[in-house]
Amino acid sequence: MSAPEEMTLKVIAHIRTAFPTKFGIPRQSGLVDSLRGEVIFTPEYRNADAVRGLEYFSHIWLVWQFSGAVRDSWSPTVRPPRLGGNTRMGVFATRSPFRPNPLGLSSVQLEAIEHRPDVGPVLIVRGADLMDGTPIYDIKPYIPYADCHPDAAGGFTAQTQFHHLTMVCDAGLWARVPADQQAALQGVLENDPRPSYQHDPERVYGMEFGGLEVHFKVDGEVLTVTGIDYR
């Protein structure tokens, strides 16, 4: 008996994060550990028994949908931003959202499980690279002895993994950022939210983060925050 060629997935949860749009989201999970998110289950799956035992794991896998990049077609090659946007790689050699099935996979730290009367169990996670409201299809525990491969080859990503900027911001301007969001925002900016093919030092970029509109410039390895406004 052959397996069906298609299957229907159910959304089991959505994640709440500080990113209402795609711009600024870290390119991989775990790059900014101070980023906090909340996984809230849909009504059908708000059952405390479903997460029994999960509290003993420090990290979990999230299987989710690239909801901001759903297309009817796909391409066998894509242009990874970290390679300057000009070099093509096979889609299955990348984590591009433009794939036959727009599924993402992220390893995040499980900080706590809160049981709330109105929405049931809520997973508090750190280091997520997901847009606010992203639908989640599955949650699995991260198992160190099986999932961790310290000697694994990183392919073309090995040449871009250490890219890092120095953030500069006027103290008065930075004071507009709530204290509990400062470390996360700084981590996001230092990881360089720009597309890798843009290098104009006079260009002002804008991103939304946790109810703020943040503007900045980048000259060489220095990112200067030029404005922070409440949305």
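Residues numbered from 1 in each chain as written. Predicted model: local features only at pLDDT ≥ 70, side-chain atom pairs only at ≥ 80, totals over all residues. Heavy atoms only, no water.

Labelled according to an unreviewed UniProt entry, the protein chain appears under the name tRNA (Adenine(37)-N6)-methyltransferase, originating from Faecalibacterium prausnitzii. Under the UniProt heading Sequence similarities (unreviewed entry), the note attached to the protein chain is "Belongs to the tRNA methyltransferase O family." (UniProt positions renumbered as here; feature names shortened; annotations may be inferred.)

Q: Requested: an account of the pairing of strand β2 (residues 36-41), with residues and values cited.
A: Counted residue by residue, β2 has 5 buried out of 6 residues, so it is predominantly covered. Of the strand pairs in this sheet, strand β1 (residues 13-16) and β2 are connected by 4 bridges, and their pairing is antiparallel. If you follow I15 over to β2, its bridge partner there is V39. Note that β2 and strand β7 (residues 120-126) share 5 bridges and pair antiparallel. The partner of I40 across the bridge, within β7, is V122. (Buried < 20%, exposed > 50% of the residue type's maximum accessible area, 1.4 Å probe, protein only. Helix = DSSP H or I, 4+ residues; strand = E, 2+ residues; numbered from the N terminus. Pairing = 2+ DSSP bridges.)

Q: Could you give an account of the environment of V91, with specific residues and numbers?
A: Summarising the element assignment, V91 is placed in the loop between β5 (89-90) and β6 (103-116). Residue class for V91 comes out buried when judged on its relative accessible area of 1%. Note: C-alpha distance between V91 and S75 (16 residues apart in sequence) is 7.3 Å.

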